[in-house]
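# Understanding the architecture of this molecule
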Amino acid sequence: MSHLRGPQTRRLLRRFAGVYATLFGAAVALLLLAPATWAGFALGLMAPGAGFIAGWAMLASAALFGMALLIWFATGNLLLPPIVWLGAAWLAAENTPSPTQKLTAPTLIILGFAAIWLWQRRALRRAQNHRARLNLHLANCPALPIPAPSADELSPADLARLRLLLDRALQPADQFNGFEHRDPFQTAALRYQVNFVAFALALVQAHYAPACKGYLHQAQDNLLIKIQNPKVWCYWAWENLWGNLRHDPDPIASGNIMYAGFVAAQIALRANACGYPFDATQVQISGGQSFTYSQPQIIETLTRQYETSRLGLLPCEPHWVYPLCNLITAAAIRAHSNRHRTDHWLRISGPLRAGLEAEFIGAKGDLVAFRSSLTGIAAPAVGGALMQGYPCVYLHAIAPDMAQRQWQSLRYALRGRGWRHAIWRLDVGNYGLSRAAGYTGLALAAREIGDEAAAGDLLALLEADCPEVIASGVAHRESASLWALAHEVMARAHRTGGLAALMQPQVVAGPYIEAVDYAETLVAKARNTAGGLEMVLYPRQPGQVQSLAFAGLQPHQAYLLRGDIGGKLIADAQGKASLHLTLTPHSAFTLLTEKASNR
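Before going into details, it helps to say that this report is about the structure given with it. (Residues numbered from 1 in each chain as written. Predicted model: local features only at pLDDT ≥ 70, side-chain atom pairs only at ≥ 80, totals over all residues. Heavy atoms only, no water.)

What follows deals with the overall build of the protein chain. If you tally the helices and strands in the protein chain, you get 23 helices and 14 strands. A globule of 599 residues ought to have a C-alpha radius of gyration of about 25 Å, and the protein chain, at 28 Å, matches this closely. For the protein chain, the spread of C-alpha atoms along the three principal axes comes to 100 × 60 × 45 Å. A buried classification covers 55% of the 599 residues belonging to the protein chain. Summarising the internal contacts of the protein chain: among those between residues at least 6 apart in sequence, 71% fall at separations of at least 24. Of the roughly 25200 Å² of accessible surface on the protein chain, 62% is carried by carbon and sulfur atoms. Of the charged side chains in the protein chain, 50 are positive and 38 negative; the average position of the first set lies 10 Å away from that of the second. (Helix = DSSP H or I, 4+ residues; strand = E, 2+ residues; numbered from the N terminus. Rg over C-alpha atoms; globule rule 2.2 N^0.38 Å. Buried < 20%, exposed > 50% of the residue type's maximum accessible area, 1.4 Å probe, protein only. Contact = heavy atoms within 4.5 Å. Areas by Shrake-Rupley, 256 points an atom, 1.4 Å probe, with all protein chains shown as cover. Lys, Arg positive; Asp, Glu negative; His and termini not counted. Charge placed at Lys NZ, Arg CZ, Asp CG, Glu CD.)

The following block contains the structure:
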């Protein structure tokens, strides 16, 4: 098979084939030895709907079984496919096939499997030829040009896009106005919207305003509270019951990295981006039952699961393993390990990479989007270019060489085709008919990898297909999901290796903005330099007096403002001070000690 490479995958496929062969053999024995009244049931065991021999009942049974497989994939409902299969066989039990039909149906099923096997062998040969050409291309592929230096501050357009995310994050923590409510199971679920808005704010802070607390910290704190809301995680009680056959609603304990791993990443990126001690690591999950975890407990729980995983990766949906979810989880573990100097990353990094390379890289060199940990079967390529390129964002943070290869493999596969034709017209954030999520997710990956040309092309296509609309200073795009808009903020504010850099904690040494009124002033830059603080502020209403609170100052030390605005302040015994300023439309200035200012 085109995706069949790893030893564990082969083991799972052999086991699955053995189970089906046993079922088929039992059905044949039942067909030959049991009374004629059992013949329809026996044929129904061989394949879904086969007991009806032909006609609408057979087609309807096959269609229902296909739908059951889709629901299994979408919600982890492991029980539904066998229920539909066995139910169709039971309903066909009253059919009494003729002797010819008794022979024809098994023969057609066997021939069908033979045809699939031959088709897969041919597909494997084509894939291997593609892989050989790809390897030759990669061996001679020139390195990406060194990107130009990134912007030093957020532009007014960047701030308008960021405001959409901040408005949602800064509302009361128990409210979800402006979030999209589609379903609790798949990519449009609330949890992913909260996660990715939080990731975006962490990246913006790390790149442009590490020396600013204020509303940036409050927004991320609110999002951490939102992710603990039962609206976000209550889906797991059902998925765990019908997928793992366990009655345990705890969404962190086991088998649920699409929540636990993403929450760990949300906390880890928040902690590493802010540059200050971050103590809010308790996750209190309540609603009917209450579960409390600290970030170290979440990381240890995830690490132990990785250590016992045969495939090297963990399930996202019950019994469905997605590399993307695992890469986000792995980035969380690495960021946490680097911040707290623990051995968690060391314990899993080798087996994780080995599993990824052996079990989840297809024969063509492409990334397997997901694989069943029960059967070993990998679905055909889904998601278009987005599912191949977007994982590079997180892969670059843990295995940059693999990320570069995967990105170059995608570019090779796209040769002669434009991005628009390679991206599915489906916004994964709200299931709308838009390429917004594809454009923004891939633009972020391109920026992380350093492919500025691709990032520019993708963002230009986004503007052409989904024009930006600005209302009351807030930018949005009609029909684009919050998922897509959060990724656009990340893509535009990002820089090469930006997420990889966040695997190490940012260090802030010196003054910082402790408080600023979000309703009045937007921070485009806040960065420490040589004991001072460089700032760029955009007031909502220039010319009016605004208040800023500073901390991290030297106690009792005098400080001066130099730049578009002048002023003086004296720190108190705790190293804090406030200042009232009349800001210009673009206020750029530096806060320095009086001694440094006079040099």
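This is not the end of the story, as more comes after the structure.
Let us now look at the pairing of strand S10 (residues 545-551). By the criterion of burial, S10 is predominantly enclosed, with five of the seven residues buried. Pairing analysis gives four bridges linking strand S7 (residues 512-516) to S10, with the strands arranged antiparallel. If you follow isoleucine 513 over to S10, its bridge partner there is phenylalanine 550. (Pairing = 2+ DSSP bridges.)

Further remarks concern a nonpolar patch on the surface. Taken together, Trp38, Trp90 and Leu91 make up a surface patch of nonpolar side chains, about 390 Å² in accessible area. Along the chain, leucine 91 turns up in helix H4 (residues 80-91). (Patch = residues over 30% accessible without salt bridge, like charges linked within 9 Å, V, L, I, M, F, W, Y side chains within 5 Å. Salt bridge = Lys/Arg side-chain N within 4 Å of Asp/Glu carboxyl O.)

Spatially, three strands are ordered S7-S10-S13 in an open sheet, and the strand pairing comes out antiparallel. On the outer flanks of this sheet lie S7 and strand S13 (577-582), each paired with one strand and no other. This sheet shows a mean twist of 35° between the axes of neighbouring strands, independent of strand direction. Judged from the six bridges that link them, S10 and S13 form a sheet pairing that is antiparallel. (Axes fitted to C-alpha atoms, helices over the stretch in contact; angles between N-to-C directions.)

This part takes up unusual backbone geometry. For arginine 341, which is not glycine, the phi torsion reads 55° and is therefore positive. Structurally, arginine 341 is set in the loop between helix H13 (323-340) and helix H14 (344-359). For arginine 341, a relative accessible area of 77% gives the class exposed.

This paragraph deals with the environment of serine 155. By the secondary structure assignment, serine 155 is in the loop between helix H5 (99-139) and helix H6 (156-169). Residue serine 155 is classed as partly exposed on the basis of its relative accessible area, which comes to 27%. Separated by 369 residues in the primary sequence, serine 155 and alanine 524 have C-alpha atoms spaced 7.0 Å apart.

A word on a positive patch on the surface. Taken together, the side chains of Arg121, Arg122, Arg125, Arg126, Arg133, Lys364 and Arg415 present a region of like positive charge at the surface. Within the element layout of this structure, arginine 133 appears in helix H5.

Further remarks concern the sheet that holds strand S9 (residues 532-539). In any sheet, the strands associate via hydrogen bonds between backbone groups, in a parallel or an antiparallel arrangement. Spatially, five strands are ordered S8-S9-S14-S11-S12 in an open sheet, and the strand pairing comes out antiparallel. Each end of this open sheet is capped by a strand with a single partner; those strands are strand S8 (521-529) and strand S12 (567-570). The mean angle between the axes of side-by-side strands here comes to 25°, regardless of whether they run parallel or antiparallel. Pairing of strand S11 (residues 558-563) with S12, which is carried by four bridges, proceeds in the antiparallel orientation. Each residue of the ladder has a partner; that of tyrosine 559, found in S12, is leucine 569.

A word on helix H3 (residues 56-75). Structural remark: α-helix, 3.6 residues per turn; residues separated by three or four positions point the same way. Its 20 residues place the ends of H3 28 Å apart at the C-alpha level, agreeing with the 28 Å of an ideal helix rising 1.5 Å per residue. Restricting attention to buried positions, one finds in H3 the residues Ser61, Phe65, Ala68, Trp72 and Thr75. On an axial view of H3, the arc spanned by its buried residues comes to 110°, and they lie on one face. For H3, the exposed residues set more than 90 degrees away from the buried face come down to Trp56, Leu59 and Leu70. Here the buried face of H3 lies against H4, helix H10 (235-244), strand S3 (320-321) and strand S4 (371-372). (Expected span 1.5 Å × (residues − 1). Arc of directions from axis to C-beta.)

At a minimum axis distance of 10 Å, the contact between H6 and helix H7 (residues 190-208) shows a crossing angle of 120°. In this view, H6 runs oblique relative to H7, as classed from their interaxial angle. Where H6 crosses over H7, the two elements pack in a sense that is left-handed. Residues Leu162, Leu165, Leu166 and Ala169 of H6 form the contact with H7, whose own contacting residues are Val197, Ala200, Leu201 and Val204. In terms of residue class, the contact of H6 with H7 is made up of eight nonpolar, no polar and no charged. (Parallel < 35°, antiparallel > 145°, perpendicular 65-115°, else oblique. Left-handed = near helix turned anticlockwise from the far one by under 90°. Nonpolar A, V, L, I, M, F, W, Y, C, P; charged D, E, K, R; others polar.)

So, about the side chain of glutamate 239. Looking at the element boundaries, glutamate 239 is found in helix H10. The contacts of glutamate 239, once residues within four sequence positions are left out, are Ala74, Thr75, Phe185, Asn244, Met258, Glu317 and Pro318.

Once that is clear, we can look at the nonpolar core. Ranked by internal contacts, the top residues of the largest apolar core, which has 168 residues, are Phe196, Tyr394, Trp407, Trp419 and Phe550. When neighbours within four sequence positions are excluded, tyrosine 394 is seen to be in contact with Phe196, Phe199, Leu324, Leu327, Ile328, His487 and Leu499. (Core = buried A, V, L, I, M, F, W, Y, C linked by side-chain atoms within 4.5 Å.)

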